[in-house]
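# Residue-level structural notes
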Amino acid sequence: MGLRDLTATEQIAELAAGRVSSLELVDAHLDAIARDDVEAFLAVDAEGARARAREIDALPERPPLGGIPLGVKDALSTRDIVTTSGSKMLEGFRPVYTATCVARLEQAGAVVVGKTNMDEFAMGSSTENSAYKNTLNPWDHDRVPGGSSGGSAAAVSAREVPWSLGSDTGGSIRQPAALCGIVGMKPTYGAISRYGLIAFASSLDQVGPFARTVADAALLLKHMVGRDPMDSTSLEWPAPIDVPMATDLAGLRIGVVEELMGEGIDPGVKAAVEVALVKAEALGATIVPVNLPTALSGLATYYVLAPAECSANLSRFDGIRYGPSAEADNLLDQYEVTRGRLFGPEVKRRIMLGTFALASGYYDQYYGRAQRVRTLIVREFAQAFEGVDVLASPTSPTVAFPIGDRTADPYAMYLADVCTIPASLAGLPAISIPCGLSDGLPVGLQLAGPAFSENRLLDTAHALEQVIAFDTRPPGLAT
Amino acid sequence: MIDDTTVRHVARLARLRLDDAEEQVMREELSGILEHIDAIRAMDLDGVPPTTHVIELENVLRADEPRPGLSQEDALREARAVVDGSFEVPRMD
Amino acid sequence: MSDLEPVIGVEIHVQLSTRTKMFCGCAPSFGDAPNTHTCPVCLAHPGVLPVVNGEAVRRALIIGLALGCEIAPRSIFHRKNYFYPDLPKAYQISQFDIPICGRGEFTAIREDGSELKVGITRAHLEEDAAKLTHGGGRRAGADGSVVDFNRGGTPLVEIVTEPDLRSAADTAIFLRQLRQTLLFLGVSDCSMEEGSMRADANVSVRPVGSQTLGVKTELKNMNSFRFLERGVEAEIARQREIIASGGHVQQETVHYEPDTGHITSLRSKEESHDYRYFPEPDLVPVAPDPAWVEQLRTEQPELPIPLRRRLVDEMGLTQEDAEVITGSPELVAYFMEAAGLADPKSCANWIRGELRAQLRELGQEPWESNVTPAHVAALVGLLAEGTVSVPAAKEVLAGVIETGDDPATVVEARGLGQMDAGDLSAIIAEIVNANPDQAQQLRDGKDKVMGFFVGQTMKRTGGRAEPQAVQALVRAAVLGE
Ligand SMILES: [Mg+2]
Ligand SMILES: [Zn+2]
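Residues numbered from 1 in each chain as written. Chains lettered and ligands numbered in written order. Predicted model: local features only at pLDDT ≥ 70, side-chain atom pairs only at ≥ 80, totals over all residues. Heavy atoms only, no water.

### Re the environment of Val 96 of chain A
Its location among the elements puts Val 96 of chain A in the loop between strand S2 (68-73) and helix H4 (100-107). Of the residues examined, Val 96 of chain A reaches a relative accessible area of 4% and is grouped as buried. Residues Val 96 of chain A and Ala 32 of chain A, spaced 64 residues apart in sequence, show a C-alpha to C-alpha distance of 29 Å. Excluding residues within four positions of it along the chain, Val 96 of chain A makes contact with Arg 79 of chain A, Leu 70, Asp 74 and Arg 77 of chain B together with Pro 40 and His 45 of chain C. (Helix = DSSP H or I, 4+ residues; strand = E, 2+ residues; numbered from the N terminus. Buried < 20%, exposed > 50% of the residue type's maximum accessible area, 1.4 Å probe, protein only. Contact = heavy atoms within 4.5 Å.)

Given below as structure tokens:
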């Protein structure tokens, strides 16, 4: 077993015991990143990472995260490290500042080794919308890793980093975590500062961790949550995130969302989720069916709200202050040609959809109505949590699909997020853990809870993780 | 359904230059997506208020205290065209 | 054409003189090297977020309270979307359907003392655009433009009025007195020239008695009240002419050319605006604590328009006195301090008259000079008790301006005290005896000659006599009164 097979928690323990240095750990991962068999990285800061590792090794006392490597989704701003959000619109862009969540982790001893591939501006569910390259699923290189944080998920699954950061707007952490057989969590909206997260849909975007164990995910989360004066929507965090230790689920009421266990869910996925629920019962949990009748309208609601917000968020990309630009001799051409050429098809599609949904004459029919459906979804979750502590469902209706399979039909791609979108619309925390295989590919179990229920979700996921005992190592992974 | 005129109008509002082929594809794809989205137009939403924020924060205000910003060099460093410390843009007509 | 009446409403953008911008910690700047007061937020770098300046909220509330506006218990921000190089996010964070300050009313006073009531539709918070200079570029020929973000993001309060104004003159009176009020509130520099106060007027005409509004044009951004008044006048005339000749006014944005007095259209191939307003997801609602609003209401300084009325009604000043004294908050404070120590009317006379006249030559304002309000009150006191004459008092004032000594000290040092009555009688007797012809004229009822005696006496006494006292003594000497 090599250094890369250690979980983050184990790596920190090795550092603490003095059996390994931060530099050795960083080098071991940088070697794998240099090969990058799954095309997970867009930029690697080997020199910066080594320098930081040496600095940490020289400290009289190790910081809590010890000096272990971290992969960061390219949607997060990192000072002087090229940050593109997967778009040609930001090719070569070197930010002048670092995102709050990254800065907090660096402060706690994480070493940023590079930036991971993603769907352009986080719009997509397969990472095929990256303007740069396709990332491969470590379990099957002909398949997608999911998205939009596909690079971060694949990098952790392929053990190029022990953990990484993603962002989740409608499922962009949970769905790739499910497809790559790892843990991914989207916390309560407002838990982690969005300052430095290149906005896709501001009322939905959240940063969150990828890791191979629930405990590692909890540890990363612990060092990111809390109010940031630079983000008006960030929350004062009520209680520290604990590293989960639960071994049973006695007294826990788990609601199974019936709407997300029916039509449209692959039988193999459903079966794996049901097996996991049986194991939960064996740990003492009560399983009850729950209905979220509006949940399936979530997809339509999301595809009005998210594009509308993105249409405004992406208007700043005009080639004037940063980023490449078309040579034009008048302003209108400068805007239209730059944006027409440098945004990819999916981004243009969503900008068009969102601009339409907000345009005069359409606002009430689309944006206005979607906001009201959102209210219904929020209410339904609140009602459901009166009867249960946690809601369970598949994370993704299918396992990883072949590269190219869905690129021709935008709506088929949108369906990949049908299970994850409802909790996003309600701003609720949700975690995906691997719960088994279907046709040799990982299946994700999604657990969602009320706002601020992170600790209980992590405990539940951790207890289940122990009995599911999923082997996160993809078959055939080079060592 | 969405027609060519609407596609062109929306593309102009969004400052996206689409060629004829792109415009055609966009019209078809948007129409397809809107068909699915139209589900929410049929829902009974009488008396349901809109949700703008899922969090119940209010009055997040900053003290009026200056903070250090960027040097002129950093402010301009990623710009494509700079003239005497300012960002240059093409003429407007 | 006299059967058409103008209908005018105005929109005023007021830059708040806060220490930092509306949504970031940069200090707004005017005149520094370009792009030296920026940060990732006001340059709209990828990933940044706005945070509301609490002081801007406070000032918006202060303005709203002064305009009698309803304060929204919970207001929200919206994004107003449009592309322009001076707007780096390509949306302005503004307020739309729930502004922080709702309906109110402002009462101005015309020169004849009549009231001019103007309904306030709303006053909302937003951010200013950056400075765009046309023709400064090098790329694409000499006609490119350049952008400086130093002032981009400065807090603005936009005040919108109802279409309640009926003449260009009233429009100017309203705006001047609104500006004066804002200055008293200490929220803005309100400089039209420097653009910290900018007004657009919506102008239309309609048949007298009609309740419907005619098609309006928007007269943009004039940098002085004078041009604004003339511009509105010219636009009213233009619209009247169009209608008189059977035409229709087009809804458009127009511009007044001060040099030619002509109105020109700004509209080129401008597309119809669709701002796609939607609630700003990056900001949370502003719900001012009612106790805070009440506190701001009680802390509100006395405003110039009601103050003017009080100065006339309660303190005996003339309309004109009151208008001059309320010219600036500093002058009001200065006057009030003096008026608390001596007769207000006399203080007002001396401050607006002799003091300002003497200081004008030095380029000083009263509150910047050596003369304190207590000095003014002391001087008024010396006059009232007859210690100095009016002409001597002017010299005393000059002495105070020069030295900063208090008036009594100056009187002593320069020997400017009123002459003893006996000495004065003796001097006057001598003058009367030496000028029998003039004395006879006075006896013949030619009162004009009194000026001669007063002048002679002043000359002999070096101004240390009170003219009225001199007159009485001359009458006594000549007429035996
Ligand atoms: Mg405005
Ligand atoms: Zn700034």
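### Looking at the coordination of the magnesium ion (ligand 1)
All names here are of chain C. Looking at the metal site, the magnesium ion (ligand 1) is ligated by His 13 (NE2), Glu 126 (OE), Glu 126 (OE) and Glu 158 (OE), spaced 1.9 to 2.8 Å from it. Mapped onto the polypeptide sequence, the residues donating to the magnesium ion (ligand 1) form the spacing pattern H-x112-E-x31-E. With a gap of 113 residues between them, His 13 in strand S1 (residues 4-15) and Glu 126 in strand S6 (residues 115-127) connect regions that are remote in the sequence. Comparing His 13 with Glu 126, the two get one shared label, buried. (Donors = N, O, S within 2.8 Å, 3.2 Å for Na, K, Ca; no water.)

### Thoughts on the interface of chain B and chain A
Across the boundary between the two partners, chain B contributes 51 residues, which contact 68 residues of chain A. Surface buried jointly by chain B and chain A totals about 5,300 Å² across both partners, of which 64% is contributed by carbon and sulfur atoms. Viewed at the interface, chain A and chain B are joined by nine salt bridges. Across the salt bridge formed by Glu 22 of chain B and Lys 348 of chain A, the nearest N and O atoms sit 2.6 Å from each other. (Buried area = accessible area lost by both parts, 1.4 Å probe. Salt bridge = Lys/Arg side-chain N within 4 Å of Asp/Glu carboxyl O.)

### Some thoughts on the interface of chain B and chain C
The partner chain C presents 52 residues to the 34 residues of chain B that form the contact. Between chain B and chain C, the buried area comes to about 3,700 Å², and carbon and sulfur atoms account for 56% of it. It is Leu 13, Arg 62 and Asp 64 of chain B in chain B that bury the most area against chain C; as a group they hold 19% of the surface buried on that side. Inspection of the chain B/chain C interface yields one salt bridge. Between Arg 74 of chain C and Glu 58 of chain B there is a salt bridge; the shortest N-O distance is 3.1 Å. Put simply, chain B and chain C have 22 residue pairs in polar contact (both at pLDDT 80 or more) between them. Elements represented by at least two residues in the side of chain B that touches chain C include exactly helix H1 (4-13), strand S1 (61-62), helix H3 (72-76) and strand S3 (86-89) of chain B. Per-element accounting of the side of chain B that touches chain C gives the leading share, four residues, to S3 of chain B. Here the side of chain B that touches chain C is composed, by residue class, of 15 nonpolar, eight polar and eleven charged. Bridge analysis of S3 of chain B against strand S8 (residues 145-148) of chain C gives three bridges, and the strand direction is antiparallel. (Polar contact = N/O pair within 3.5 Å; in protein donor to acceptor, adjacent residues only side chain to side chain. Nonpolar A, V, L, I, M, F, W, Y, C, P; charged D, E, K, R; others polar. Pairing = 2+ DSSP bridges.)

### Looking at the coordination of the zinc ion (ligand 2)
Residue and element names in this part refer to chain C. Coordination of the zinc ion (ligand 2) by the protein involves Cys 24 (SG), Cys 26 (SG), Cys 39 (SG) and Cys 42 (SG), with metal-donor separations of 2.3 to 2.4 Å. Mapped onto the polypeptide sequence, the residues donating to the zinc ion (ligand 2) form the spacing pattern C-x1-C-x12-C-x2-C. Taken as a pair, Cys 39 and Cys 42 share a single burial class, namely buried.

### Structural notes on the sheet that holds strand S8 (residues 286-290) of chain A
Residues and elements named next belong to chain A. Judged by pairing direction, the sheet is mixed, and its eleven strands sit side by side in the order S1-S3-S2-S4-S6-S5-S10-S11-S9-S7-S8 without closing on themselves. Taken across any chain shown, the strands that pair with only one partner, and hence form the sheet edges, are strand S1 (41-44) and S8. Pairs of neighbouring strands in the sheet enclose a mean axial angle of 30 degrees, with direction left out of account. As defined by bridge partners, strand S10 (residues 430-438) adjoins strand S11 (residues 441-448) across eight bridges and the pair is classed as antiparallel. Considered in S11, the bridge of Ile 433 is made with Leu 445. (Axes fitted to C-alpha atoms, helices over the stretch in contact; angles between N-to-C directions.)

### What about the pattern of salt bridges?
Residues and elements named next belong to chain A. Throughout the structure, instances matching the rule amount to 63 salt bridges over all chains. One salt bridge in this structure joins Glu 55 and Arg 52, with 2.6 Å as the shortest N-O distance. Of this pair, Glu 55 and Arg 52 both sit in helix H3 (residues 46-58), separated by three residues, roughly a single helical turn. Its salt-bridge partner being Glu 346, residue Arg 349 comes within 2.5 Å of it at the nearest N-O pair. A residue pair is termed a helical-turn pair when its members lie 3 or 4 positions apart in one helix, as Arg 349 and Glu 346 do in helix H11 (residues 345-358) at three residues.

### A few points about the pairing of S8 of chain C
Residues and elements named next belong to chain C. Along S8, one buried face is formed by Ser 145 and Val 147 and the opposite face, lined by Val 146 and Asp 148, is buried too. Sheet analysis places strand S7 (residues 131-134) next to S8, joined by four bridges and oriented antiparallel. Residue pairing for S8: Leu 132 is matched across the bridge by Val 147.

### Observations concerning the sheet that holds strand S3 (residues 78-81) of chain C
Strand order in the open sheet formed by three strands is S4-S3-S14 (chain C), and the pairing between neighbours is antiparallel. The two strands at the open ends of the sheet, each matched to only one other strand, are strand S4 (91-94) and strand S14 (278-279) of chain C. Relative to S4 of chain C, S3 of chain C runs antiparallel, the two sharing four bridges. Within S4 of chain C, the position partnered with Lys 80 of chain C by the bridge is Gln 92 of chain C. Its contacts with the sheet put helix H9 (residues 298-313) of chain A on S3, S4 and S14 of chain C, and the angle it makes with S3 of chain C is roughly 60 degrees.

### Details of the confidence of the model for chain C
On average, residues of chain C score 91 in pLDDT, and 97% of them are at 70 or above. Interface scoring of the predicted complex returns ipTM 0.97; its pTM is 0.91. (pLDDT = per-residue confidence, 0-100.)

### Focus: unusual backbone geometry
Residue and element names in this part refer to chain A. Cis geometry marks the peptide bond from Gly 147 to Ser 148, where omega comes out at 10 degrees. Although it is not a glycine, Asp 80 sits at a positive phi angle of roughly 65 degrees. One can find Asp 80 in the loop between S2 and H4. The backbone phi angle of Ala 469 is positive, close to 50 degrees, even though this residue is not glycine. With respect to the helices and strands, Ala 469 occurs in the segment after helix H15 (454-468).

### Here we look at the domain arrangement of chain C
All names here are of chain C. Annotation of chain C at the domain level lists domain 1 (4-292), domain 2 (302-414) and domain 3 (421-479). Each of domain 2 and domain 3 has a C-alpha centre, and these two points are 30 Å apart. Across the contact, seven residues belong to domain 2 and seven residues belong to domain 3. With both chains or domains summed, domain 2 and domain 3 bury close to 330 Å², and 53% of this area falls on carbon and sulfur atoms. The largest share of the area that domain 2 buries against domain 3 comes from Ser 389, Val 390 and Pro 391, three residues that together contribute 74% of it. Scanning the region where domain 2 abuts domain 3 turns up zero salt bridges. The interface formed by domain 2 and domain 3 includes zero residue pairs in polar contact (both at pLDDT 80 or more). Residue composition of the side of domain 2 that touches domain 3, grouped by class: five nonpolar, one polar and one charged. (Domains from an automatic or database assignment.)

### Notes on the state of the cysteines
Residue and element names in this part refer to chain C. The tally for this structure, following the rule as stated, stands at zero disulfides over all chains. In this model Cys 101 remains outside any disulfide bridge; the closest cysteine sulfur is found in Cys 69, 5.2 Å from its own. Residue class for Cys 101 comes out buried when judged on its relative accessible area of 0%. (Disulfide = S-S within 2.5 Å.)

### A word on helix H12 (residues 421-434) of chain C
Residues and elements named next belong to chain C. In this model H12 runs 20 Å from its N-terminal to its C-terminal C-alpha over 14 residues, within 8% of the 20 Å that 1.5 Å per residue would give. When H12 is considered as a whole, its buried residues turn out to be Leu 424, Ile 427, Ile 428, Ile 431 and Val 432. Around the axis of H12, the buried residues are gathered within 140 degrees of arc, so they sit on the same side. Among the exposed residues of H12, those oriented more than 90 degrees off its buried face are Asn 433 and Ala 434. Close packing links the buried residues of H12 with helix H13 (436-443), helix H14 (450-461) and helix H15 (467-479). (Expected span 1.5 Å × (residues − 1). Arc of directions from axis to C-beta.)

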